[in-house]
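Residues per chain, in single letters:
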Amino acid sequence: MKKSKKLVSLVTCSALITTLLAGCGGSSSGDSAATTAAGSAETTTAAAETAAPASDTTTAAEASGGSGDFSGVKLVYWSNWESTEPQGIVITEAVKEFEAETGAQVDLQFKGRKGIKEGLIPALDADQQVDLFDGAGNKSNYGDRIICLEDLMKDNDYEKDTNPALMTLNRSYYSDGQLYEIPYQMKANGYLYNKDMFDKAGITKAPATWEEFLDACQKLKDAGYTALTTDDAYAMQAFGQHLARLIGDEEVKNVVNNGLWDKEEVLATAQAFEDLASKGYFSPQVGANVWPTGQNTELATGLAAMYCAGTYVVNETKTITGPDFRWGFFAYPEVENGINGLEAMVIGNQSFAITKKCANPEAAFALIVKLTRGNWDSRLAEESLALPADKNNESWPEQLQEAKPYMENCTELFATSGGLENNPDITPALKENLMKLYAGTCTAQEFVDNMLAASKQ
């Protein structure tokens, strides 16, 4: 199989040396290369407090080990989690330990997704003190309100312990190619599946190719199981990744941005899903599934075997599945005549950033190190059923163990849904017609015709 471009290294050695010596320029607010999912919890904004002067000599690495002295330093930290969420509970405990070890004081404020999204920029522009914050990856919209982190990473030898593909992803958001945010709370996108169903259907390994995927679907059907389901919210994930296997995510973006639905690869992808529907592999109710119906009432309850989405689904459904549900994961299968393979996938993360209001960036970075390395990184992964940021953490949540080799072998990044979500103007029509395609109420050619018509409106 022909392979497309690979992100084998983050940057060339000479470019990296130049970058580290030169420091970082301003960030771009319009050059985002990919997006990551975030939740919808709401909260209100609140005023922050003013930071105090910092120690000039203590490094973040020292602080993370408990030997740093940040006595007299006060940090204001806005988090996009709620205090009652698993992430919020672990972060609260980690901050207390950080304060005890370093002498710093941390004003930890849980703002929720809406509070960060709607409140942070106005707060910073009104000269409120916020030293660091977390939230969905790709913070390029904060422009020059956040600082470049290349020098702090170099000073603390930080980068070597983080997945290089994720570092590449987070640099790609900025026109100068530098890093302004530290990834954590990783996620991978592909097929989540019920291992008990696979075992009972006689499927002995996760599908790696489209032919193996079709074979698994048929075995599940023969065993009396519904092979596939989805919801309107995630309708674009499988189709987009399939198309990106054929033409790459940049060309997928070209399709959705310029209405090029008559490309032969689009029809071929639609025919692949028409085939799945005609063989009865999709849930009979899939056409009416509004999120989280398929996720919660079919996948999580054992009525359907596979669901194409992100690993965050495991955490979202844990109160339904309980501790005995056996989760499996595999990256989107390779397809015939594809230009990439399993090394290319959708991955993403939440991230931390330090603001230009911060008078103590070393202390703020020390807290980030505390949360993204060792014990607390492992605790965050375990409690929220997410993927750890520290490459050295082997204790991945049991439910996500099968995602580990795919993440470790990922060298090429797909945009969300393989680029299919790049044009919000066409998204409503796309979701509607994909759900019809999956339900078997429109043919592949009708899907193409409908999308051509929608793009001309």
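Residues numbered from 1 in each chain as written. Predicted model: local features only at pLDDT ≥ 70, side-chain atom pairs only at ≥ 80, totals over all residues. Heavy atoms only, no water.

Sorry, what's going on with the pattern of salt bridges here?
Per the counting criterion, the structure on display carries 20 salt bridges. In this structure, the salt-bridge partner of R171 is E150, at a minimum N-O distance of 2.9 Å. Placement of the pair is R171 in helix α6 (residues 164–171) and E150 in helix α5 (residues 150–155), with a sequence separation of 21 residues. Of the two residues, R171 and E150, neither departs from the other in class, the shared state being buried. One salt bridge in this structure joins R326 and D196, with 2.6 Å as the shortest N-O distance. (Salt bridge = Lys/Arg side-chain N within 4 Å of Asp/Glu carboxyl O. Helix = DSSP H or I, 4+ residues; strand = E, 2+ residues; numbered from the N terminus. Buried < 20%, exposed > 50% of the residue type's maximum accessible area, 1.4 Å probe, protein only.)

Where do I start with the environment of R373 in this structure?
Here R373 shows up in the loop between α15 (361–372) and α16 (374–384). Between the C-alpha atoms of R373 and D390, which are 17 residues apart in sequence, the distance is 5.3 Å. Sequence-distant contacts of R373, defined by excluding residues within four places in its chain, comprise Y158, D161, T162, A389 and D390. (Contact = heavy atoms within 4.5 Å.)

What is the right way to read the packing of aromatic side chains from this model?
Each aromatic ring pair is described using two quantities: the centre-to-centre distance and the angle formed by the ring planes. For the structure on display, the rule yields 23 aromatic pairs. Between W261 and F447 the ring centres are 6.3 Å apart and the planes differ by 90°, which places this aromatic pair in the edge-to-face class. In this pair, W261 is assigned in the loop between α10 (249–258) and α11 (264–278) and F447 in helix α19 (residues 444–456), connecting sequence segments 186 residues apart. Taking the relative accessible area as the measure of exposure, W261 reaches 0% and is therefore buried. Stacked on the ring of W78, the Lys or Arg K111 has its end atom at 4.3 Å from the ring centre. In this structure, R373 is placed above the aromatic ring of Y158, and the distance from its NZ or CZ to the ring centre is 3.8 Å. (Phe/Tyr/Trp six-rings, centres within 6.5 Å; stacked < 30°, edge-to-face > 60°. Lys NZ or Arg CZ within 6 Å of the ring centre and 35° of its normal.)

Quick question: what am I supposed to make of the packing of α11 against α19 here?
The relative placement of two packed helices comes down to the angle between their axes together with the axis-to-axis distance. In the contact formed by α11 and α19, the axes pass within 8 Å of each other and the chain directions differ by 135°. With respect to their mutual orientation, α11 and α19 come out oblique. In terms of crossing hand, the pair formed by α11 and α19 is right-handed. Here α11 contributes V266, L267, A270, Q271 and E274 to the contact with α19, which in turn contributes A444, Q445, F447 and V448. Looking at the contact of α11 with α19 residue by residue, the classes come out as six nonpolar, two polar and one charged. (Axes fitted to C-alpha atoms, helices over the stretch in contact; angles between N-to-C directions. Parallel < 35°, antiparallel > 145°, perpendicular 65-115°, else oblique. Left-handed = near helix turned anticlockwise from the far one by under 90°. Nonpolar A, V, L, I, M, F, W, Y, C, P; charged D, E, K, R; others polar.)

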